[in-house]
Amino acid sequence: MSELPFYWQPQIPLTPVVMAAAAYDEIVRAAQALADLLKRAVWRLGDTPVARNRRLGMPEEFEPLYGAPEYEHAYADWQYRPDVLLTAEGPRFIEFNVSAATGGMPHTHALQRTWLDIYADAGLRCSSPFAARTAALERLCARLGLERSVAILREPRPDPAEQAVYDTQVSHLLRHGFKAEHLLVDDLAVRAAENGRFGIVLKQFVALDRLHDGSGLEAVVGARAGGALTLAPHSSYQLANKQMLALLSEGLPWMSSRERELVRRYVPWSRLVRDGPVDYRGRTRATAGLLAAEQESFVLKNGVGDSGRQVVIGRLTQPAQWVDACAQAIDEGTWIVQEYHESLSMPMRLWDVASESVVETALSGVISPYVVDGQDGGCMVRYDLADAKGLVTIAQSTVRFNTLVVSPRR
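Remember, predicted model here, so these are calculated numbers, not experimental data.

Rules and cut-offs
Residues numbered from 1 in each chain as written. Predicted model: local features only at pLDDT ≥ 70, side-chain atom pairs only at ≥ 80, totals over all residues. Heavy atoms only, no water. Pairing = 2+ DSSP bridges. Helix = DSSP H or I, 4+ residues; strand = E, 2+ residues; numbered from the N terminus. Axes fitted to C-alpha atoms, helices over the stretch in contact; angles between N-to-C directions. Contact = heavy atoms within 4.5 Å. Buried < 20%, exposed > 50% of the residue type's maximum accessible area, 1.4 Å probe, protein only. 1 Å grid on protein atoms, 1.4 Å probe; cavity = no way out; pocket = protein on both sides within 12 Å on 5 of 7 lines; lining within 4 Å. Points joined across faces, edges and corners; volume = space filled by probe spheres on them. Nonpolar A, V, L, I, M, F, W, Y, C, P; charged D, E, K, R; others polar. Salt bridge = Lys/Arg side-chain N within 4 Å of Asp/Glu carboxyl O. Lys, Arg positive; Asp, Glu negative; His and termini not counted. Polar contact = N/O pair within 3.5 Å; in protein donor to acceptor, adjacent residues only side chain to side chain. Parallel < 35°, antiparallel > 145°, perpendicular 65-115°, else oblique.

Student: Give a description of the sheet that holds strand β7 (residues 198–203) that names residues and reports values.
Tutor: Think of a sheet as strands paired side by side through backbone hydrogen bonds, with each pair either parallel or antiparallel. If you trace the four strands from one edge of the open sheet to the other, you get β6-β5-β7-β8, paired in parallel fashion. Each end of this open sheet is capped by a strand with a single partner; those strands are β6 (179–184) and β8 (227–231). Strand after strand, the sheet turns through a mean of 25 degrees between neighbouring axes, direction not considered. Contacts from helix α5 (residues 129–144) reach β5 (149–154), β7 and β8, with the element oriented near 140 degrees to β7.

Below, the structure written as C-alpha coordinates:
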(Lines give C-alpha, C1' and ligand atoms only; values in the text may rest on other atoms or scores of the structure.)
Protein backbone atom coordinates (compact mmCIF):
# COMPACT_ATOMS: atom_id res chain seq x y z
CA MET A 1 0.00 0.00 0.00
CA SER A 2 2.89 2.37 0.68
CA GLU A 3 3.75 2.29 -3.03
CA LEU A 4 0.39 3.73 -4.09
CA PRO A 5 0.58 7.38 -5.19
CA PHE A 6 -1.96 8.68 -2.69
CA TYR A 7 -2.10 9.53 0.98
CA TRP A 8 -3.90 6.93 3.11
CA GLN A 9 -2.72 7.54 6.68
CA PRO A 10 -3.43 7.47 9.60
CA GLN A 11 -5.34 4.23 8.92
CA ILE A 12 -4.92 2.19 5.75
CA PRO A 13 -7.64 -0.15 4.43
CA LEU A 14 -6.58 -3.79 4.27
CA THR A 15 -9.54 -5.10 2.28
CA PRO A 16 -11.94 -3.75 -0.32
CA VAL A 17 -15.66 -3.44 0.32
CA VAL A 18 -17.24 -6.59 -1.18
CA MET A 19 -20.76 -6.76 -2.57
CA ALA A 20 -22.73 -9.59 -4.16
CA ALA A 21 -22.85 -9.32 -7.95
CA ALA A 22 -26.65 -9.16 -8.12
CA ALA A 23 -26.81 -6.28 -5.62
CA TYR A 24 -24.16 -4.27 -7.44
CA ASP A 25 -25.73 -4.87 -10.85
CA GLU A 26 -29.03 -3.58 -9.46
CA ILE A 27 -27.36 -0.34 -8.36
CA VAL A 28 -25.71 0.20 -11.75
CA ARG A 29 -29.00 -0.44 -13.60
CA ALA A 30 -30.79 1.99 -11.29
CA ALA A 31 -28.08 4.62 -11.88
CA GLN A 32 -28.45 4.29 -15.66
CA ALA A 33 -32.25 4.51 -15.51
CA LEU A 34 -32.23 7.52 -13.17
CA ALA A 35 -29.62 9.33 -15.30
CA ASP A 36 -31.85 8.84 -18.34
CA LEU A 37 -34.80 10.34 -16.44
CA LEU A 38 -32.67 13.29 -15.29
CA LYS A 39 -31.62 14.07 -18.85
CA ARG A 40 -35.18 13.86 -20.16
CA ALA A 41 -36.41 16.07 -17.33
CA VAL A 42 -33.72 18.70 -17.90
CA TRP A 43 -34.41 18.93 -21.62
CA ARG A 44 -38.08 19.61 -20.92
CA LEU A 45 -37.18 22.72 -18.93
CA GLY A 46 -36.45 24.77 -22.04
CA ASP A 47 -35.52 24.75 -25.70
CA THR A 48 -31.94 25.97 -25.21
CA PRO A 49 -29.18 25.43 -22.63
CA VAL A 50 -29.43 29.08 -21.59
CA ALA A 51 -33.20 28.83 -21.09
CA ARG A 52 -32.66 25.79 -18.86
CA ASN A 53 -29.89 27.58 -16.98
CA ARG A 54 -32.32 30.38 -16.16
CA ARG A 55 -35.13 28.00 -15.17
CA LEU A 56 -32.80 26.39 -12.63
CA GLY A 57 -31.56 29.72 -11.29
CA MET A 58 -27.95 28.84 -12.12
CA PRO A 59 -25.41 31.70 -12.33
CA GLU A 60 -25.81 33.83 -15.43
CA GLU A 61 -22.00 33.75 -15.77
CA PHE A 62 -22.45 30.15 -16.97
CA GLU A 63 -24.34 31.18 -20.09
CA PRO A 64 -21.29 31.67 -22.38
CA LEU A 65 -20.06 28.18 -21.44
CA TYR A 66 -22.80 26.36 -23.36
CA GLY A 67 -22.15 25.06 -26.86
CA ALA A 68 -24.38 24.04 -29.73
CA PRO A 69 -27.63 22.37 -28.60
CA GLU A 70 -26.87 19.10 -30.38
CA TYR A 71 -23.45 18.89 -28.72
CA GLU A 72 -24.91 19.61 -25.29
CA HIS A 73 -27.56 16.93 -25.75
CA ALA A 74 -25.21 14.27 -27.12
CA TYR A 75 -22.62 14.41 -24.34
CA ALA A 76 -24.28 15.91 -21.24
CA ASP A 77 -24.50 12.48 -19.60
CA TRP A 78 -21.21 11.12 -21.00
CA GLN A 79 -19.81 10.54 -17.49
CA TYR A 80 -21.49 10.52 -14.10
CA ARG A 81 -21.03 9.20 -10.58
CA PRO A 82 -24.05 9.10 -8.29
CA ASP A 83 -23.66 9.06 -4.52
CA VAL A 84 -25.57 6.16 -3.00
CA LEU A 85 -26.33 5.30 0.61
CA LEU A 86 -26.77 1.63 1.50
CA THR A 87 -29.65 1.85 3.97
CA ALA A 88 -31.78 -0.70 5.81
CA GLU A 89 -34.45 -0.10 3.14
CA GLY A 90 -32.04 -0.58 0.23
CA PRO A 91 -29.86 1.73 -1.89
CA ARG A 92 -30.79 5.42 -1.93
CA PHE A 93 -29.40 7.83 -4.54
CA ILE A 94 -28.88 11.12 -2.73
CA GLU A 95 -27.29 13.03 -5.64
CA PHE A 96 -25.71 12.70 -9.09
CA ASN A 97 -22.28 14.08 -9.95
CA VAL A 98 -22.41 14.61 -13.70
CA SER A 99 -19.37 16.00 -15.56
CA ALA A 100 -15.84 15.03 -16.58
CA ALA A 101 -14.70 16.32 -13.19
CA THR A 102 -16.22 13.55 -11.07
CA GLY A 103 -13.42 12.92 -8.58
CA GLY A 104 -11.79 9.79 -7.25
CA MET A 105 -11.07 7.91 -10.49
CA PRO A 106 -7.27 7.69 -9.98
CA HIS A 107 -7.69 6.58 -6.35
CA THR A 108 -10.24 3.94 -7.36
CA HIS A 109 -8.05 2.66 -10.19
CA ALA A 110 -4.99 2.34 -7.94
CA LEU A 111 -6.86 0.52 -5.19
CA GLN A 112 -8.61 -1.82 -7.61
CA ARG A 113 -5.30 -3.00 -9.04
CA THR A 114 -3.97 -3.57 -5.53
CA TRP A 115 -6.99 -5.56 -4.32
CA LEU A 116 -7.18 -7.75 -7.41
CA ASP A 117 -3.48 -8.53 -7.03
CA ILE A 118 -3.58 -9.25 -3.28
CA TYR A 119 -6.80 -11.26 -3.42
CA ALA A 120 -6.16 -12.91 -6.79
CA ASP A 121 -7.56 -16.25 -5.63
CA ALA A 122 -10.86 -14.87 -4.30
CA GLY A 123 -12.67 -14.58 -7.64
CA LEU A 124 -13.35 -10.86 -7.13
CA ARG A 125 -14.08 -8.60 -10.09
CA CYS A 126 -14.62 -4.94 -10.84
CA SER A 127 -14.68 -2.62 -13.83
CA SER A 128 -11.91 -0.04 -13.98
CA PRO A 129 -12.91 3.62 -14.38
CA PHE A 130 -9.71 4.25 -16.35
CA ALA A 131 -10.38 1.31 -18.67
CA ALA A 132 -14.02 2.32 -19.17
CA ARG A 133 -13.07 5.90 -19.95
CA THR A 134 -10.19 4.97 -22.26
CA ALA A 135 -12.46 2.60 -24.21
CA ALA A 136 -15.06 5.38 -24.48
CA LEU A 137 -12.43 7.83 -25.76
CA GLU A 138 -11.27 5.29 -28.32
CA ARG A 139 -14.84 4.87 -29.56
CA LEU A 140 -15.26 8.62 -29.86
CA CYS A 141 -12.03 9.11 -31.77
CA ALA A 142 -12.88 6.30 -34.17
CA ARG A 143 -16.48 7.43 -34.72
CA LEU A 144 -15.74 11.15 -35.12
CA GLY A 145 -12.34 10.87 -36.79
CA LEU A 146 -10.60 12.74 -33.95
CA GLU A 147 -6.87 12.81 -33.29
CA ARG A 148 -5.96 10.43 -30.45
CA SER A 149 -4.79 13.21 -28.16
CA VAL A 150 -6.27 14.22 -24.80
CA ALA A 151 -5.79 17.31 -22.65
CA ILE A 152 -6.81 16.95 -19.01
CA LEU A 153 -7.88 20.43 -18.06
CA ARG A 154 -7.28 20.95 -14.37
CA GLU A 155 -7.79 23.43 -11.58
CA PRO A 156 -5.85 26.68 -11.91
CA ARG A 157 -4.03 26.10 -8.61
CA PRO A 158 -3.99 22.37 -7.84
CA ASP A 159 -2.82 21.05 -4.48
CA PRO A 160 0.78 19.85 -5.04
CA ALA A 161 -0.02 16.77 -2.95
CA GLU A 162 -2.60 15.77 -5.55
CA GLN A 163 -0.26 15.98 -8.54
CA ALA A 164 -0.61 12.20 -8.90
CA VAL A 165 -4.32 12.66 -9.67
CA TYR A 166 -3.30 14.10 -13.04
CA ASP A 167 -0.02 12.24 -13.60
CA THR A 168 -1.62 8.80 -13.28
CA GLN A 169 -4.33 9.69 -15.78
CA VAL A 170 -1.81 10.93 -18.32
CA SER A 171 0.37 7.83 -17.86
CA HIS A 172 -2.59 5.51 -18.45
CA LEU A 173 -3.59 7.33 -21.64
CA LEU A 174 0.00 7.29 -22.95
CA ARG A 175 0.20 3.54 -22.38
CA HIS A 176 -2.93 3.12 -24.52
CA GLY A 177 -1.64 5.01 -27.50
CA PHE A 178 -2.94 8.51 -26.84
CA LYS A 179 -0.95 11.69 -26.76
CA ALA A 180 -1.83 13.21 -23.40
CA GLU A 181 -0.92 15.93 -20.93
CA HIS A 182 -2.55 17.92 -18.19
CA LEU A 183 -2.84 21.67 -18.47
CA LEU A 184 -4.12 24.64 -16.54
CA VAL A 185 -7.26 26.24 -17.90
CA ASP A 186 -5.45 29.47 -18.70
CA ASP A 187 -2.58 27.66 -20.44
CA LEU A 188 -4.93 25.77 -22.75
CA ALA A 189 -6.69 29.03 -23.59
CA VAL A 190 -3.34 30.48 -24.68
CA ARG A 191 -2.46 27.36 -26.67
CA ALA A 192 -5.86 27.42 -28.36
CA ALA A 193 -5.22 30.99 -29.47
CA GLU A 194 -1.96 29.79 -31.02
CA ASN A 195 -3.79 27.06 -32.98
CA GLY A 196 -2.64 24.21 -30.75
CA ARG A 197 -5.51 21.73 -30.56
CA PHE A 198 -6.21 18.35 -28.99
CA GLY A 199 -8.64 15.74 -30.20
CA ILE A 200 -10.45 15.69 -26.85
CA VAL A 201 -10.35 17.96 -23.80
CA LEU A 202 -11.53 16.56 -20.45
CA LYS A 203 -12.66 19.38 -18.14
CA GLN A 204 -11.57 18.34 -14.64
CA PHE A 205 -12.43 21.53 -12.83
CA VAL A 206 -15.65 23.04 -11.54
CA ALA A 207 -16.65 26.35 -13.08
CA LEU A 208 -18.47 27.36 -9.90
CA ASP A 209 -15.20 27.11 -7.96
CA ARG A 210 -13.61 29.61 -10.33
CA LEU A 211 -16.47 32.01 -9.68
CA HIS A 212 -16.05 31.59 -5.94
CA ASP A 213 -12.31 32.24 -5.99
CA GLY A 214 -12.58 35.19 -8.37
CA SER A 215 -10.76 33.55 -11.32
CA GLY A 216 -13.57 34.26 -13.75
CA LEU A 217 -14.73 32.14 -16.65
CA GLU A 218 -13.23 33.97 -19.66
CA ALA A 219 -10.35 31.50 -19.90
CA VAL A 220 -12.82 28.60 -19.79
CA VAL A 221 -14.55 29.93 -22.88
CA GLY A 222 -11.18 30.39 -24.61
CA ALA A 223 -9.97 26.92 -23.64
CA ARG A 224 -12.94 25.32 -25.38
CA ALA A 225 -11.24 26.07 -28.71
CA GLY A 226 -8.28 23.93 -27.59
CA GLY A 227 -10.02 20.68 -28.50
CA ALA A 228 -12.13 19.29 -31.31
CA LEU A 229 -14.42 17.86 -28.61
CA THR A 230 -14.67 19.08 -25.02
CA LEU A 231 -16.14 16.76 -22.39
CA ALA A 232 -18.37 17.15 -20.66
CA PRO A 233 -20.46 20.06 -21.94
CA HIS A 234 -21.69 22.47 -19.34
CA SER A 235 -25.22 21.05 -19.53
CA SER A 236 -23.87 18.16 -17.46
CA TYR A 237 -24.18 20.46 -14.44
CA GLN A 238 -27.87 20.89 -15.18
CA LEU A 239 -28.30 17.13 -14.81
CA ALA A 240 -26.31 17.32 -11.58
CA ASN A 241 -28.45 20.15 -10.21
CA LYS A 242 -30.19 18.75 -7.14
CA GLN A 243 -33.44 20.46 -8.08
CA MET A 244 -33.83 17.83 -10.79
CA LEU A 245 -33.95 14.97 -8.26
CA ALA A 246 -36.63 16.90 -6.38
CA LEU A 247 -38.70 17.28 -9.55
CA LEU A 248 -38.40 13.56 -10.27
CA SER A 249 -39.31 12.74 -6.67
CA GLU A 250 -42.43 14.89 -6.85
CA GLY A 251 -43.33 13.34 -10.21
CA LEU A 252 -43.53 15.03 -13.61
CA PRO A 253 -46.63 14.78 -15.83
CA TRP A 254 -44.87 12.77 -18.56
CA MET A 255 -43.47 10.14 -16.19
CA SER A 256 -44.99 6.66 -16.44
CA SER A 257 -46.13 4.73 -13.39
CA ARG A 258 -43.06 2.51 -13.76
CA GLU A 259 -40.75 5.53 -13.79
CA ARG A 260 -42.45 6.99 -10.73
CA GLU A 261 -41.98 3.70 -8.91
CA LEU A 262 -38.30 3.62 -9.89
CA VAL A 263 -37.78 7.05 -8.35
CA ARG A 264 -39.82 6.21 -5.24
CA ARG A 265 -37.74 3.09 -4.69
CA TYR A 266 -34.28 4.59 -5.13
CA VAL A 267 -34.48 8.35 -4.42
CA PRO A 268 -35.22 9.77 -0.96
CA TRP A 269 -38.34 11.94 -0.74
CA SER A 270 -37.15 15.30 -2.11
CA ARG A 271 -38.92 18.58 -2.89
CA LEU A 272 -38.11 22.07 -4.07
CA VAL A 273 -38.11 24.45 -1.11
CA ARG A 274 -40.86 26.94 -1.83
CA ASP A 275 -43.11 29.18 0.25
CA GLY A 276 -46.31 27.16 0.01
CA PRO A 277 -47.88 23.75 0.64
CA VAL A 278 -46.04 20.46 0.23
CA ASP A 279 -47.21 16.86 0.44
CA TYR A 280 -45.27 14.70 2.89
CA ARG A 281 -46.32 11.19 3.89
CA GLY A 282 -49.87 11.67 2.72
CA ARG A 283 -50.42 15.05 4.40
CA THR A 284 -50.37 18.51 2.85
CA ARG A 285 -48.50 20.96 5.06
CA ALA A 286 -46.92 24.40 4.80
CA THR A 287 -43.27 23.99 3.82
CA ALA A 288 -41.92 26.29 6.54
CA GLY A 289 -44.03 24.59 9.21
CA LEU A 290 -42.99 21.10 8.10
CA LEU A 291 -39.29 21.97 8.14
CA ALA A 292 -39.55 23.59 11.55
CA ALA A 293 -41.56 20.75 13.11
CA GLU A 294 -39.47 17.86 11.76
CA GLN A 295 -35.97 19.24 11.62
CA GLU A 296 -34.29 15.91 12.34
CA SER A 297 -36.01 14.26 9.38
CA PHE A 298 -34.53 16.50 6.69
CA VAL A 299 -31.46 17.76 4.85
CA LEU A 300 -31.32 21.06 2.96
CA LYS A 301 -29.22 21.22 -0.20
CA ASN A 302 -28.53 24.04 -2.64
CA GLY A 303 -29.12 22.93 -6.21
CA VAL A 304 -25.62 23.88 -7.43
CA GLY A 305 -23.62 23.12 -4.27
CA ASP A 306 -20.72 20.68 -4.56
CA SER A 307 -18.19 18.92 -2.29
CA GLY A 308 -20.60 19.12 0.63
CA ARG A 309 -20.90 22.91 0.45
CA GLN A 310 -24.36 24.38 1.14
CA VAL A 311 -25.68 21.18 2.68
CA VAL A 312 -27.43 21.52 6.06
CA ILE A 313 -28.31 18.34 7.98
CA GLY A 314 -31.19 18.98 10.34
CA ARG A 315 -30.17 16.60 13.13
CA LEU A 316 -26.63 18.01 13.20
CA THR A 317 -27.69 21.66 13.23
CA GLN A 318 -28.68 23.95 16.09
CA PRO A 319 -32.38 24.91 15.93
CA ALA A 320 -31.70 28.61 15.44
CA GLN A 321 -29.29 27.89 12.59
CA TRP A 322 -31.80 25.51 11.03
CA VAL A 323 -34.50 28.20 11.08
CA ASP A 324 -32.13 30.64 9.37
CA ALA A 325 -31.12 28.04 6.77
CA CYS A 326 -34.75 27.26 5.97
CA ALA A 327 -35.57 30.94 5.59
CA GLN A 328 -32.59 31.39 3.26
CA ALA A 329 -33.62 28.37 1.20
CA ILE A 330 -37.18 29.64 0.77
CA ASP A 331 -35.94 33.11 -0.12
CA GLU A 332 -33.36 32.01 -2.70
CA GLY A 333 -35.57 29.46 -4.43
CA THR A 334 -32.77 27.14 -5.63
CA TRP A 335 -32.69 24.73 -2.68
CA ILE A 336 -34.25 21.34 -2.11
CA VAL A 337 -35.23 19.48 1.02
CA GLN A 338 -34.47 15.77 1.13
CA GLU A 339 -35.52 13.19 3.68
CA TYR A 340 -32.60 12.08 5.83
CA HIS A 341 -31.41 8.50 5.41
CA GLU A 342 -28.62 6.86 7.36
CA SER A 343 -26.06 4.55 5.80
CA LEU A 344 -25.57 1.10 7.23
CA SER A 345 -22.15 0.55 8.75
CA MET A 346 -19.62 -1.31 6.62
CA PRO A 347 -17.25 -3.79 8.28
CA MET A 348 -13.67 -2.80 7.52
CA ARG A 349 -10.16 -3.87 8.51
CA LEU A 350 -7.64 -1.06 8.75
CA TRP A 351 -3.93 -0.86 9.50
CA ASP A 352 -3.30 1.79 12.14
CA VAL A 353 0.04 3.39 11.28
CA ALA A 354 0.74 4.84 14.74
CA SER A 355 0.15 1.63 16.73
CA GLU A 356 1.25 -0.73 13.94
CA SER A 357 -1.79 -2.92 14.50
CA VAL A 358 -4.91 -4.08 12.72
CA VAL A 359 -8.15 -2.34 13.65
CA GLU A 360 -11.45 -4.05 12.90
CA THR A 361 -14.29 -1.59 12.84
CA ALA A 362 -17.55 -0.61 11.15
CA LEU A 363 -17.73 2.70 9.33
CA SER A 364 -20.47 4.69 7.65
CA GLY A 365 -19.91 5.39 3.99
CA VAL A 366 -21.15 6.37 0.56
CA ILE A 367 -20.71 4.22 -2.53
CA SER A 368 -20.29 5.93 -5.89
CA PRO A 369 -20.42 3.87 -9.09
CA TYR A 370 -18.90 5.41 -12.22
CA VAL A 371 -20.77 5.22 -15.51
CA VAL A 372 -18.85 6.29 -18.62
CA ASP A 373 -20.55 6.43 -22.01
CA GLY A 374 -23.29 4.22 -20.59
CA GLN A 375 -20.91 1.54 -19.27
CA ASP A 376 -20.06 0.46 -15.71
CA GLY A 377 -16.73 1.97 -14.64
CA GLY A 378 -16.27 0.49 -11.18
CA CYS A 379 -17.22 1.91 -7.81
CA MET A 380 -15.58 4.22 -5.30
CA VAL A 381 -16.32 4.10 -1.56
CA ARG A 382 -15.89 7.07 0.76
CA TYR A 383 -15.97 6.49 4.49
CA ASP A 384 -15.41 8.53 7.61
CA LEU A 385 -12.73 7.44 10.06
CA ALA A 386 -14.61 9.34 12.75
CA ASP A 387 -17.79 7.34 11.98
CA ALA A 388 -19.73 10.57 11.62
CA LYS A 389 -23.36 10.34 10.55
CA GLY A 390 -23.23 13.54 8.56
CA LEU A 391 -21.56 14.48 5.29
CA VAL A 392 -19.04 12.08 3.81
CA THR A 393 -17.06 14.32 1.48
CA ILE A 394 -13.38 14.15 0.65
CA ALA A 395 -13.07 17.76 1.81
CA GLN A 396 -13.28 16.43 5.40
CA SER A 397 -9.94 15.55 6.98
CA THR A 398 -11.30 12.26 8.38
CA VAL A 399 -12.72 10.94 5.10
CA ARG A 400 -10.80 8.35 3.07
CA PHE A 401 -11.26 6.30 -0.12
CA ASN A 402 -11.73 2.61 -0.64
CA THR A 403 -13.26 0.76 -3.56
CA LEU A 404 -16.04 -1.75 -4.00
CA VAL A 405 -15.47 -5.10 -5.72
CA VAL A 406 -17.95 -7.77 -6.65
CA SER A 407 -18.02 -11.31 -5.33
CA PRO A 408 -19.44 -14.16 -7.43
CA ARG A 409 -20.87 -15.64 -4.24
CA ARG A 410 -24.16 -14.51 -2.76
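Student: Can you explain the pairing of β7? Please cite residues and give values.
Tutor: Along β7, six of the six residues are buried, which leaves the element largely enclosed by surrounding structure. Pairing between β5 and β7: four bridges, direction parallel. Note that in β7 the partner of L153 across the bridge is K203. In terms of strand pairing, β7 meets β8 through four bridges, oriented parallel. In the strand pairing of β8, L202 is matched with L231.

Student: Tell me about the layout of surface pockets, residues and numbers included.
Tutor: Roughly 240 Å³ of internal volume is contained in the second largest pocket. Lining of the second largest pocket is provided by 14 residues; of these, S249, R260, V263, R264 and V267 occupy positions nearest its centre. In terms of residue count, helix α12 (residues 257–266) provides more of the lining of the second largest pocket than any other element does, four residues in total. Taken together, the residues of the lining of the second largest pocket sort by class into five nonpolar, three polar and six charged.

Student: Quick rundown of the pattern of salt bridges? Include the residues and the values.
Tutor: Tallied over the entire structure, the rule returns 16 salt bridges. For R210, the salt bridge goes to D186, with nearest N and O atoms at 3.8 Å. Taken together, the residues span a long stretch of sequence, with R210 in helix α8 (residues 207–212) and D186 in helix α7 (residues 185–193) at a distance of 24 residues. Residue classification places D186 among the partly exposed residues on the basis of a relative accessible area of 37%. Among the charged side chains, a salt-bridge network with shared partners connects D36, R40 and E259.

Student: Which residues make up the sheet that holds strand β3 (residues 79–87), and what values do they have?
Tutor: If you walk across this open sheet you meet the six strands as β2-β19-β18-β17-β3-β4, and the pairing is mixed. Bordering the open sheet on either side are β2 (17–20) and β4 (90–98), each of which pairs with just one other strand. Put simply, the sheet's adjacent strands are angled 30 degrees from each other on average, direction ignored. Two elements, β3 and β4, share eight bridges in a ladder whose sense is antiparallel. Paired with V84 across the bridge in β4 is F93. Across the sheet, helix α1 (residues 21–43) is in contact with β2, β3, β4, β17 (365–372), β18 (375–384) and β19 (399–407); its angle to β4 comes to roughly 45 degrees. Against the sheet, helix α4 (residues 105–118) engages β3, β17, β18 and β19, with an angle of about 50 degrees to β19.

Student: I'd like a rundown of empty space enclosed by the protein, residues and numbers included.
Tutor: In the structure shown here, the tally under the stated rule is two cavities of 30 Å³ or more. Empty space within the largest cavity amounts to approximately 90 Å³. Lining the largest cavity we find L65, Y71, L153, V201, K203, V220, V221, A223, R224, T230, P233 and H234. Looking at the lining of the largest cavity, the elements with two or more residues in it are β7 and α9 (218–223). Its residues assigned to classes, the lining of the largest cavity shows eight nonpolar, two polar and two charged. Roughly 40 Å³ of volume is contained in the second largest cavity.

Student: So what about the side chain of R271? Which residues, and what values?
Tutor: Within the secondary structure, R271 sits in strand β9 (residues 270–272). Nearest to the buried, unbridged R271 among oppositely charged side chains is E250, at 4.6 Å. Polar side-chain contacts of R271 include one of 3.0 Å to the side chain of S249.

Student: Please provide a residue-by-residue account of the packing of α4 against helix α6 (residues 163–175), values included.
Tutor: Interhelical geometry of α4 versus α6 gives an angle of 65 degrees and a closest axis separation of 9 Å. Taken together, the axis directions place α4 and α6 in an arrangement best described as roughly perpendicular. Across the interface between the two elements, P106, H107, H109 and R113 from α4 touch V165, T168, Q169, H172 and R175 from α6. Class assignment of the residues belonging to the contact of α4 with α6 gives a composition of two nonpolar, five polar and two charged.

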